[in-house]
Amino acid sequence: MVSRLILVLGDQLSESLSALREADREADTVVMAEVVEEATYVRHHPKKIALIFSAMRKFSAVLEDAGWTVAYSQLDDTDNAGSIVGELLRRAEQTGAKEVICTEPGEWRLINKLTHAPIRTRMLPDDRFLASHAEFEAWADGRKALRMEYFYRDMRRKTGLLMEGEKPAGGQWNFDHDNRKPAPGDIAPEGPLKFGPDNITGDVLALVEAKFDDHFGDLRPFWFATTRAQALEALDHFITHSLPRFGDFQDAMLRGEEFLFHAILSPYLNIGLLGPLEICQAAEAAYKSGHAPINAVEGFIRQIIGWREYVRGIYFLEGPEYAQRNALNQTRDLPSVYWGGETKMACMAAAIDQTAREAYAHHIQRLMVTGNFALLAGIDPGQVADWYLEVYADAFEWVEAPNVVGMSQFADGGVIASKPYVSSGAYINRMSDYCKGCAYKVNQKTGEGACPFNTLYWHFLDRHRDRFSGNARMGNMYRTWDRMDEDKRKTVLADAEAVLAKLDAGEVV
Ligand code: FAD
Ligand code: DLZ
Ligand code: SF4
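Treat the numbers as computed from the prediction; the structure is a model and nothing was measured.

Peer 1: Would you mind going over the overall build of the protein with me for this structure?
Peer 2: Regarding its fold elements, the protein presents 22 helices and 7 strands. The C-alpha radius of gyration of the protein comes to 24 Å, within 12% of the 23 Å expected for a compact globule of 509 residues. Counting across all 509 residues of the protein, residues that qualify as buried make up 58%. Within the protein, contacts between residues at least 6 apart in sequence are counted, and of these 74% link residues at least 24 apart.

Written as structure tokens, this is what we have:
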């Protein structure tokens with residue numbers, strides 16, 4: 001039998017991968033390649049590159065132990081072709097293989113490259129998700145609005161998670177109203193389980209240091225799990241220590257507490273070390289045993305079988321140009337604060353500083369601090385999307401683009417969100433302790449020391465009035481704005497313009 005090449009990408013590190021299930025362990029060759037093209041199509045955070053390379057090296061050893069022949073290319077191998085397609089062609093020449101079998105990548109860019117590769121390529125569905133493309137399309141078909149909540153309920157019924165017969169456990173589908181508490185300063189979250197680098201990770205760290213030192217973010221200390229066994233330990237640690245309070249403080253932000261009660265499992269889930277169902281089943285077991293309350297477990301499971309599956313469905317449903325949409329025509333360049341430039345805004349400094357250190361920020365920091373600011377300040381959503389894709393260890397376009405372009409920047413014109421996620425400083429003040437030590441005053445609406453979120457919020461609503469004033473969910477905002485006396489409105493807009501002018505001039509805001 002002629003050998004075929006079985007491609008396993010850096011975010012496909014699952015033994016159950018469809019391409020591996022289709023393959024012949026005796027005859028075929030698995031191809032895994034660290035390549036400069038994937039490491040630089042955006043300038044990924046060094047921790048993200050190290051996570052992927054280290055996990056790839058260890059996964060290739062697992063496959064070899066299981067009897068597979070693996071052709072593994074390290075980034076600095078002298079004959080490394082530098083791209084996935086280049087490496088496939090090189091391996092085809094070496095082995096005489098005439099066909100590639102792969103699992104669908106999570107990005108149109110790479111799907112396109114593989115589809116047009118000068119070697120026959122068979123692409124199988126990525127079935128490490130609960131909903132197939134066909135299932136999502138069938139759900140979306142004929143609906144006026146694609147709201148996550150209804151899709152989520154179908155996923156609950158499909159998986160049986162938190163179901164008591166036909167009814168949701170606890171008597172309701174969604175316990176979100178219990179999950180919006182600010183965190184008191186004296187809580188002591190356990191934080192994620194951290195792993196010291198072993199020899200393989202040590203080699204990878206040296207490589208990443210040598211090759212990608214100019215990428216934004218700190219490589220060390222590096223503590224991510226890089227094997228399935230470690231990722232399972234991290235899951236167990238989260239269920240034991242953090243899940244019980246995950247719900248209560250899901251939206252809270254505290255200085256010096258980067259992780260609070262969040263799972264920090266998305267990097268492992270998105271590269272395939274863990275599966276969505278096993279994570280949710282572990283959480284459900286914690287509810288059934290009385291270890292964690294329903295608001296925590298329902299809220300957590302909703303993020304995974306609801307939001308995560310839903311955004312993937314949207315990415316593939318909407319097609320390759322989705323990530324380039326700019327429905328609000330926002331065109332300002334991303335300011336230097338996103339790259340660690342000086343800022344007086346304590347909330348932005350906290351979110352961006354921890355992003356640089358950890359390649360991690362939790363959902364509300366991404367949505368209501370850095371995302372909110374970009375949207376209010378009129379930043380080009382393409383630049384915003386590239387930033388998120390670069391800086392987070394869990395960022396792959398199928399999940400990043402709908403969250404950024406859709407949910408956070410409203411650049412898809414409302415496919416995902418029924419109204420833009422914008423807020424003044426009051427929301428950040430309610431959910432965090434950032435404002436206490438900020439150079440700006442969160443309660444000040446105009447003038448030198450006014451919180452920039454306050455003036456930019458009204459500027460956003462004012463400049464997008466034609467689009468949003470008819471939105472029933474935004475009527476109150478426009479009524480409040482219209483009730484303000486005219487001089488005050490003029491001052492607010494002029495102050496906002498001054499903030500924007502400073503951003504454009506590269507001055508500190
Ligand atoms: P937890 O808060 O503990 O949640 C548990 C799990 O739920 C996560 O591990 C994740 O797998 C899933 N989840 C939660 N919210 C979402 C969501 N909105 N979409 C998809 N999955 C979700 N998530 C990514 O995995 N990759 C991204 O590139 C990404 N970019 C984002 C960009 C923006 C602007 C926003 C607002 C959100 C983004 N998210 C992204 C969603 C969310 O912020 C992260 O999944 C979460 O912060 C990961 O940390 P955690 O494991 O501690 O999550
Ligand atoms: C993100 C990433 C990086 C940094 N490096 C590699 C790599 O060298 N080799 C590889 O196979 N995959 C890598 N990846 C993951 C791919 O970019 C990912 O598969 C696509 O973006 C699709 O999700
Ligand atoms: Fe952020 Fe405004 Fe609060 Fe400062 S005052 S931390 S800029 S919300």
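Having put the structure on the table, let's press on.
Peer 1: Help me understand the pairing of strand β2 (residues 29-33) in this model?
Peer 2: Remark: a regular strand shows side chains that alternate across the two faces of the sheet. Counting buried residues along β2, 5 of its 5 residues qualify, which places the element largely inside the surrounding structure. Of the two faces of β2, the one carrying Thr-29, Val-31 and Ala-33 and the one carrying Val-30 and Met-32 are both buried. Strand direction decides the pairing type here: strand β1 (residues 5-7) and β2, joined by 3 bridges, are parallel. Looking at β2, one finds that Leu-5 is bridged to Thr-29. Bridge count for β2 against strand β3 (residues 69-73) is 5 bridges, and the pairing is parallel. Bridge pairing in β3 places Ala-33 opposite Ser-73.

Peer 1: Hey, could you run me through the packing of aromatic side chains in this one?
Peer 2: Aromatic rings in a pair are described by how distant their centres are and how their planes are angled relative to each other. Applying the stated criterion across every chain yields a total of 30 aromatic pairs. Between Phe-136 and Phe-151 the ring centres are 5.2 Å apart and the planes differ by 65°, which places this aromatic pair in the edge-to-face class. Here Phe-136, found in helix α6 (residues 133-140), pairs with Phe-151, found in helix α7 (residues 148-159); they are 15 residues apart in sequence, far enough to count as distant. The same class applies to Phe-136 and to Phe-151, which are both buried. Their ring planes at 10° and their centres at 5.3 Å tell us that Trp-458 and Trp-481 sit as a pair that is stacked. One end of the pair, Trp-458, is in helix α19 (residues 452-463); the other, Trp-481, is in helix α21 (residues 475-483), and 23 residues separate them in sequence. Note on Trp-481: relative accessible area 1%, which makes it buried. Taking NZ or CZ as reference, Lys-48 lies 5.3 Å from the ring centre of Phe-396, over its face. Sitting over the face of the ring of Tyr-41, Arg-109 holds its NZ or CZ atom 3.6 Å from the ring centroid.

Peer 1: Explanation requested: the pattern of salt bridges in the structure shown.
Peer 2: Side-chain pairs of opposite charge can arise whenever the charged atoms involved come near each other. In the structure shown here, the tally under the stated rule is 34 salt bridges. The partner of Asp-248 in a salt bridge is Lys-181, and the shortest N-O contact between them spans 3.3 Å. With Asp-248 in the loop between α10 (243-246) and α11 (266-271) and Lys-181 in the loop between β7 (167-168) and α8 (199-211), this pair connects stretches of sequence that are 67 residues apart. By relative accessible area, which is 37% here, Lys-181 ends up partly exposed. Salt-bridge contacts for Arg-332 lead to Asp-504; the nearest nitrogen and oxygen are separated by 2.7 Å. Here Arg-332, found in the loop between α13 (294-318) and α14 (346-358), pairs with Asp-504, found in helix α22 (residues 486-505); they are 172 residues apart in sequence, far enough to count as distant.

Peer 1: What is the right way to look at the pairing of strand β5 (residues 120-124) in this model?
Peer 2: Bridge analysis of strand β4 (residues 99-103) against β5 gives 5 bridges, and the strand direction is parallel. Within β5, the position partnered with Val-100 by the bridge is Thr-121. Between the parallel elements β4 and β5, the chain passes through helix α5 (residues 108-115) in a crossover that is right-handed.

Peer 1: Explanation requested: the site of ligand 3 in the structure shown.
Peer 2: Every residue near ligand 3 is listed here: Met-345, Ala-346, Cys-347, Gly-425, Ile-428, Tyr-434, Cys-435, Cys-438, Tyr-440, Val-442 and Cys-451. At the level of secondary structure, the elements contributing two or more residues to the shell around ligand 3 comprise α14 and α18 (425-431).

Peer 1: Hey, could you run me through the packing of α6 against α13 in this one?
Peer 2: The description of two helices packed together rests on the angle between their axes and the distance between the axes. Where α6 meets α13, the closest approach of the two axes is 10 Å, and the angle between their N-to-C directions is 85°. In terms of orientation, α6 and α13 fall into the roughly perpendicular class. Contacts from His-133, Phe-136, Glu-137, Trp-139 and Ala-140 in α6 reach Tyr-310, Arg-312, Gly-313, Ile-314, Phe-316 and Leu-317 in α13. Here the contact of α6 with α13 is built from residues that sort into 7 nonpolar, 2 polar and 2 charged.

Peer 1: Can you walk me through the site of ligand 1 in this structure?
Peer 2: Taken together, 28 residues sit near ligand 1, with His-262, Ala-263, Ile-264, Asn-270 and Tyr-360 positioned nearest. Here an oxygen atom of ligand 1 sits 2.8 Å away from a polar atom, N or O, in the main chain of Ile-264. A distance of 2.9 Å separates an oxygen atom of ligand 1 from a polar atom in the side chain of Asn-270. Burial of ligand 1 by the protein chains amounts to 99% of its free accessible area of 800 Å². Breaking the shell around ligand 1 down by element, the ones donating at least two residues are α11, α13, α15 (363-376) and α17 (397-408). Here the element with the most residues in the shell around ligand 1 is α17; it accounts for 6 residues.

Peer 1: So what exactly am I meant to see when it comes to the domain arrangement of the protein here?
Peer 2: Accessible area lost during the coming together of the parts is what is often quoted as the interface size. Looking at the assigned domains, one finds that the protein contains domain 1 (5-124), domain 2 (133-192 + 242-318) and domain 3 (336-505). Taken over C-alpha atoms, the centre of domain 1 sits 31 Å from the centre of domain 2. Contacts between the two partners involve 14 residues from domain 1 and, on the opposite side, 10 residues from domain 2. With both chains or domains summed, domain 1 and domain 2 bury close to 840 Å², and 60% of this area falls on carbon and sulfur atoms. On the domain 1 side of the interface with domain 2, the three residues burying the most area are Leu-51, Glu-104 and Trp-108, jointly 50% of the side's total.

Rules of the game
- Residues numbered from 1 in each chain as written.
- Chains lettered and ligands numbered in written order.
- Predicted model: local features only at pLDDT ≥ 70, side-chain atom pairs only at ≥ 80, totals over all residues.
- Heavy atoms only, no water.
- Helix = DSSP H or I, 4+ residues; strand = E, 2+ residues; numbered from the N terminus.
- Rg over C-alpha atoms; globule rule 2.2 N^0.38 Å.
- Buried < 20%, exposed > 50% of the residue type's maximum accessible area, 1.4 Å probe, protein only.
- Contact = heavy atoms within 4.5 Å.
- Pairing = 2+ DSSP bridges.
- Phe/Tyr/Trp six-rings, centres within 6.5 Å; stacked < 30°, edge-to-face > 60°.
- Lys NZ or Arg CZ within 6 Å of the ring centre and 35° of its normal.
- Salt bridge = Lys/Arg side-chain N within 4 Å of Asp/Glu carboxyl O.
- Right-handed = clockwise from strand over helix to strand, strands pointing away.
- Near = heavy atom within 4 Å.
- Axes fitted to C-alpha atoms, helices over the stretch in contact; angles between N-to-C directions.
- Parallel < 35°, antiparallel > 145°, perpendicular 65-115°, else oblique.
- Nonpolar A, V, L, I, M, F, W, Y, C, P; charged D, E, K, R; others polar.
- Polar contact = N/O pair within 3.5 Å; in protein donor to acceptor, adjacent residues only side chain to side chain.
- Areas by Shrake-Rupley, 256 points an atom, 1.4 Å probe, with all protein chains shown as cover.
- Domains from an automatic or database assignment.
- Buried area = accessible area lost by both parts, 1.4 Å probe.

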